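# Topology and contacts: notes
As a plain string of letters, each chain reads:
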Amino acid sequence: MTVRVTVDGLDEAIDGLDRGADAARAAASEATGRGASRVAARARQVAPRQTGKLIGTIRAERTPGGSYVVKAGGPGVEYAAIVHEDLTAIHPDGQAKFIERPAIAEAATIEGDIDAAVTQALESTL
Amino acid sequence: MSVEADVVAYLAAASLGLTSGTNLFEGEMPELPDTCVAVAHYASEQSDDYVMSASLTAPGYEIERFQVMTRHATRATAISTANSIHAVLDNLGTTSNFGSSGRTYFRIESDGPPFSLGQDQSLRWRRVANYRARKARG
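Quick look at the structure, then. (Residues numbered from 1 in each chain as written. Chains lettered and ligands numbered in written order. Predicted model: local features only at pLDDT ≥ 70, side-chain atom pairs only at ≥ 80, totals over all residues. Heavy atoms only, no water.)

### Focus: the interface of chain B and chain A
Each partner contributes residues to the interface: chain B has 17 residues there, and chain A has 11 residues. Surface buried jointly by chain B and chain A totals about 1100 Å² across both partners, of which 61% is contributed by carbon and sulfur atoms. Considering only the surface of chain B that becomes buried against chain A, Tyr42(B), Gln67(B) and Leu117(B) emerge as the three largest contributors, covering 42% of it. Applying the counting criterion to the chain B and chain A interface returns 2 salt bridges. Ionic pairing is found between Asp86(A) and Arg126(B), a salt bridge with its closest N-O pair at 2.8 Å. (Contact = heavy atoms within 4.5 Å. Buried area = accessible area lost by both parts, 1.4 Å probe. Salt bridge = Lys/Arg side-chain N within 4 Å of Asp/Glu carboxyl O.)

Set out below in structure tokens:
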């Protein structure tokens, strides 16, 4: 005995899943970018501001893989890593760990934003 | 006790030639002695069990971040001391009564090997490594 089963709309369903995956990936990346920008903004608020040069180098950058990093330093501000890590230094108007602490503080919010963005993207495409 | 005190006690008992209050300190590194190690707690994180159910993660732990700074007049000694401490702490698994604290430390992981902060104003070499400890609350 042979039972033949025909599924209508399978191609459309697969197309929908593909679109959903693409939309979810894009939404996650955008939400991550927004989170990285918030971390950078908070980092600029708490970084030592003796000359202002260090604060001017704090930025969120998108990597080729689609994730984001928050960086400080660059030409003329090679000391950024030392300022970030030296807990013994006394800063009248800022603090060490000026990126790491905001990143830890924002982590749960960023996770929530990514979750919401991916859910919304999937619901709108599937 | 604080995570600083726990780690200091653990390192003091680790046959590294470190003695609490002599060349091993809690908190930010003091100006003297020239040769010393300091353990400073600098951040805490939300525990996973606040956002995940008990079926996914064991409740009752907290996450602390601390930095170990090593200082020595000789660069090579600063490097070797920092690396010895790193070998003891990094990737440490479940350890009950960690540092005689009475608490269990479930995991200590580093952000990476010790790296140089260069020389301070007194030309002493400094190296640091950052760690994340998952430990029982209390």
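What follows picks up the thread again.
### Let's talk about the pairing of strand E5 (residues 115-119) of chain B
Residue and element names in this part refer to chain B. In this structure, E5 lies alongside strand E6 (residues 125-136), joined through 4 bridges in antiparallel fashion. Bridge pairing in E6 links glycine 118 to arginine 126. The turn linking E5 back onto E6 is made up of 5 residues, and leucine 123 within it adopts a positive phi angle of 65°. (Pairing = 2+ DSSP bridges. Helix = DSSP H or I, 4+ residues; strand = E, 2+ residues; numbered from the N terminus.)

### Describing helix H1 (residues 3-12) of chain B
Residue and element names in this part refer to chain B. Of all 10 residues that make up H1, 7 are buried, and the element is covered over most of its length. By the burial criterion, the buried members of H1 are Val3, Glu4, Ala5, Asp6, Val7, Val8 and Leu11. Lining the buried residues of H1 we find strand E1 (24-26), strand E2 (36-45), strand E3 (61-72), helix H2 (75-89), strand E4 (105-110) and E6. (Buried < 20%, exposed > 50% of the residue type's maximum accessible area, 1.4 Å probe, protein only.)

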